[in-house]
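# Close look at the chain arrangement
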Amino acid sequence: MPASPARPTQNPPLDPVLKQGLALFYGRPPDHAGAVRCFREAAEAGGDEALAMLGLCLLEGLGVAADPVRARELLERAAARGSRTARFQLGRALISGRGGPVDERRGLTAYLSAAALGHVEAVFNLACCLQAGVGCLPDRLAAKALFLRARTLGCTLKADVRVRQRELRAVRALARRFADPDRLLFLVQERQRELAVLHDLAQSARLPARAAEMPSTPRWQGAARYAVGVLAALAGTVGDRLRLRSPDAGPTTTLLR
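Every value quoted in this text rests on a predicted model; they were computed, and no experiment measured them. (Residues numbered from 1 in each chain as written. Predicted model: local features only at pLDDT ≥ 70, side-chain atom pairs only at ≥ 80, totals over all residues. Heavy atoms only, no water.)

### So, the overall build of the protein chain
Using the following cut-off: The helix and strand labels rest on DSSP assignments: H or I over at least four residues marks a helix, E over at least two residues marks a strand, and numbering proceeds from the N terminus. For every residue, the accessible area obtained with a 1.4 Å probe (protein chains only) is divided by the maximum for its type, and the residue is called buried under 20%, exposed over 50%, and partly exposed between those limits. Note on areas: these come from Shrake-Rupley sampling with a 1.4 Å probe, and a residue is covered only by the protein chains present in the view.
Of the regular secondary structure elements, the protein chain holds eleven helices and zero strands. Secondary structure elements of the protein chain occur, N-terminal to C-terminal, as α-α-α-α-α-α-α-α-α-α-α. The buried share of the protein chain, taken over its 257 residues, is 42%. Of the accessible surface of the protein chain, which amounts to about 13,900 Å², a share of 55% is contributed by carbon and sulfur atoms.

Structure (structure tokens):
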């Protein structure tokens, strides 16, 4: 998993033009065309969040003709300048392949970066990625902890995920650890490294397909027993790396009920 971009300083207060654009964008009913005009004006004045919202409108075709390629360009710029909105939307574009090639690993990193900055839906989408193994090895225990974390933060999206009684303590402990934004990236990467080691052990244990081919030395037998024991202890954590490509987990996705 690649390193995350440096964590930016806190975003400045929203300027009046951006505020007006957001009010139009989220109005009932919304005025997306009016919002786009405000976002353009604020973005030309150097507003990172306005640039991110303009990128979102171009990505989805809200108030303006859809232009995913241009949208990804704007989201890349705004993300590099520290916008958590841009990092979240860039993650969506990268994972779904909108406006350019699919890059699940970068998409996962974008979600991680946005989640560390407090973007609630990024926490949810990060959990979706870990659950399905999008851009990473599947880590279902961490996914359940992040679904719980997202719900605690007020996320209204839902996931068809159940936490078993025997997992509850571990999931709650992980959710508490993931609550530290400065350690989120490190914790996810650390678990991925551990899972990679376990995956390699599992692959090694499967290599001798026939008993005649299996080494009979005590050293090999001990290593095989150790690998099997570790995998049994972490049953349900290491998933199959072969999977169908998951659909875009965007802001309207309804997947802990």
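Having seen the model, we can carry on.
### Focus on the packing of helix α6 (residues 104–116) against helix α10 (residues 184–206)
Any two packed helices are characterised by how steeply their axes cross, that is the angle between the axes, and by the distance between the axes. Quick reminder of the rule: The axes used here are C-alpha line fits, helices contributing only the stretch in contact, and every angle between their N-to-C directions lies in the interval 0 to 180 degrees. By definition, residues are in contact when any of their heavy atoms lie within 4.5 Å. Ten residue types, Ala, Val, Leu, Ile, Met, Phe, Trp, Tyr, Cys and Pro, are classed as nonpolar, four, Asp, Glu, Lys and Arg, as charged, and the remainder, Gly among them, as polar.
It is the contact of α6 with α10, at a shortest axis distance of 9 Å, that shows an interaxial angle of 140°. Taking contact as the criterion, the partners of L112, A115 and A116 in α6 are, on α10, L184, L185 and V188. Looking at the contact of α6 with α10 residue by residue, the class counts come to six nonpolar, no polar and no charged.

### Brief notes about the pattern of salt bridges
Here is the rule: Think of a salt bridge as a Lys or Arg side-chain nitrogen and an Asp or Glu carboxyl oxygen that are within 4 Å of each other.
Inspection of the entire model under this criterion finds eight salt bridges. Linking D48 and R81 is a salt bridge whose minimum nitrogen-to-oxygen distance equals 2.7 Å. With D48 in helix α3 (residues 48–60) and R81 in the loop between α4 (68–80) and α5 (84–96), this residue pair connects regions lying 33 residues apart in the sequence. Residue R81 is classed as partly exposed on the basis of its relative accessible area of 35%. When the shortest N-O distance is used, the salt bridge between R70 and E73 registers 3.2 Å. Residue R70 and its partner E73 are both found in helix α4; the two are separated by three residues, about one turn of the helix. The structure contains a network of salt bridges with shared partners spanning E60, R92 and R98.

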